[in-house]
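A closer look at the structure
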Amino acid sequence: MRTLGNSDLQLTSIGFGAWAIGGGDWKFAWGPQDDNQSIAAIRRALDLGINWIDTAAVYGLGHSEQIVARAVNGSGHKPYIVTKCSRRWNPDGSITSVLKPESLEQELHDSLHRLSVETIDLYQIHWPMPEEDIESAWEALSRFRQQGKIRWIGVSNFNVDQIKRAQTIAPVTSLQPPYSMLRRAVEAEILPYAKENGIGVINYSPMLSGMLTGKMSAERVTAMPANDWRRNAVEFNEPRLSRNLRLVELLREIGAGHGVTPGVVAVAWTLRNPAITAAIVGGRSVQQVEELVPALEFRVSSEEFEKINNFLAAEGQQK
């Protein structure tokens, strides 16, 4: 267990990420998803020891939160629930960013209802947009916490200056940035700042949205459904796709020596950073969960860590 920032939340080193289980009918979908498989995956993750779930109101336009509630309510477990606000959607499915206090209050009310809970363990601003509303938004979240509707408050996708602006109003418990061996920009300033200031960090996409799981191939990318956002993502297309698949083979080689998948090695690589509290790991089926749950305990050695970093340096990894 790892303590998240200034909170009393004791998190397992990985949590269940519920982005993909939002389903296929929205802008940032991962393709079609069977709800029964999603529920089974969440329950299996909880049975195997994962004690927190990360979702967001916008995932599936509310659907992910509903599925999380259905899965947890019949599981016999009481995991920490982490969700996010500020991304609103219109009747036509278009998505906008809103940080007005009255909008956030409505979002919180809706998330509490969809999640079937009276209090959310960690509530985060999903994106700092529009930037001029950061202060009023953070004041609103602090007020919701005082009202007992939220236990702790955090931010996602904020830079250091934006975090500092929030801190002048109320403490920032946590930060949720993208971080993987293929997305390292936060190493320069953001992660050191979080560590120095006691801000917990739960990184998302440690396997770069499935690229580093060991299941990806050029053929699979070509066969992705039209509503899978990854079809147009830079890391899933040439010239980076071939480089990334070579990296996966290195991770496979390392993992084979320990009986774990490339994805587990990718997650463990991020957990070596001393600023990281825990990593978000998505799962769309029981099989995926069972393959990835060894990341709860597996850690890469110093030699393996160096071997991966040498590959990234030699291949001109883009930050």
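Residues numbered from 1 in each chain as written. Predicted model: local features only at pLDDT ≥ 70, side-chain atom pairs only at ≥ 80, totals over all residues. Heavy atoms only, no water.

**Comments concerning the environment of Phe236**
Of note, Phe236 is situated in the loop between α7 (218–222) and α8 (240–256). When residues no more than four places from it in sequence are discounted, the contact partners of Phe236 are Leu208, Ser209, Met211, Met216, Val221, Met224, Arg230 and Leu241. (Helix = DSSP H or I, 4+ residues; strand = E, 2+ residues; numbered from the N terminus. Contact = heavy atoms within 4.5 Å.)

**Brief notes about unusual backbone geometry**
Of note, the bond from Met129 into Pro130 is cis; its omega dihedral lies within 30 degrees of zero at -5°. Here Pro130 lies in the loop between β8 (120–125) and α4 (134–146). One non-glycine residue with positive phi stands out, namely Ser205, at about 55°. One can find Ser205 in the loop between β11 (200–203) and α7.

**Things to note about the nonpolar core**
Within the largest apolar cluster, 88 residues are counted, with the highest numbers of intra-cluster contacts made by Phe16, Met181 and Leu212. The contacts of Leu212, once residues within four sequence positions are left out, are Met181, Leu182, Pro206, Met207, Leu247, Val248, Leu251, Pro262, Gly263 and Ala266. Counting residues in each nonpolar core, the second largest holds 12 residues, with Leu9, Leu11, Leu122 and Trp152 among its members. (Core = buried A, V, L, I, M, F, W, Y, C linked by side-chain atoms within 4.5 Å. Buried < 20%, exposed > 50% of the residue type's maximum accessible area, 1.4 Å probe, protein only.)

**Structural notes on helix α11 (residues 302–314)**
The terminal C-alpha atoms of α11, which comprises 13 residues, lie 18 Å apart, in line with the 18 Å expected from a rise of 1.5 Å per residue. Its buried side turned inward, α11 meets α8 and α9 (262–271). (Expected span 1.5 Å × (residues − 1).)

**Some remarks on the packing of aromatic side chains**
In total, this model carries six aromatic pairs according to the counting rule given. Pairing Trp19 with Tyr59 gives two aromatic rings, centres 5.9 Å apart and planes at 15°, and the pair type is stacked. Residue Trp19 is located in the loop between β3 (14–17) and α1 (35–47), and its partner Tyr59 is located in the loop between β4 (52–54) and α2 (63–73); the two are separated by 40 residues in the primary sequence. In textbook terms, an aromatic cluster arises when at least three aromatic residues are bridged by ring pairs, as seen for Trp19, Trp26, Phe28, Trp30 and Tyr59. The cationic tip of Arg145 hangs over the ring face of Trp152; the distance from NZ or CZ to the ring centre is 4.2 Å. The ring of Phe305 has Arg272 lying over it, and the distance from NZ or CZ to the ring centre is 4.6 Å. (Phe/Tyr/Trp six-rings, centres within 6.5 Å; stacked < 30°, edge-to-face > 60°. Lys NZ or Arg CZ within 6 Å of the ring centre and 35° of its normal.)

**Side note on α8**
Taking 1.5 Å of rise per residue, 17 residues should cover 24 Å, and α8 covers 24 Å from first to last C-alpha, within 8% of that figure. Those residues of α8 that sit buried are Leu241, Arg243, Asn244, Leu247, Val248, Leu250, Leu251, Ile254 and Gly255. Contacts made by the buried residues of α8 are with α7, α9 and α11.

**Digging into the sheet that holds β3**
Strands sit in the order β3-β4-β5-β8-β9-β10-β11-β12 around a closed barrel of eight strands; the barrel is parallel. Within this sheet the neighbouring strands show an average axis-to-axis angle of 30°, counted without direction. Looking at chain direction, β3 and β4 are connected through two bridges and run parallel. When the bridges of β4 are listed, Phe16 appears paired with Ile53. Of the strands in this sheet, β5 (80–85), β8 and β9 (150–156) are in contact with helix α3 (residues 101–115), which crosses β8 at around 140°. (Pairing = 2+ DSSP bridges. Axes fitted to C-alpha atoms, helices over the stretch in contact; angles between N-to-C directions.)

Bear in mind that shape data such as this cannot, by itself, settle questions of function.
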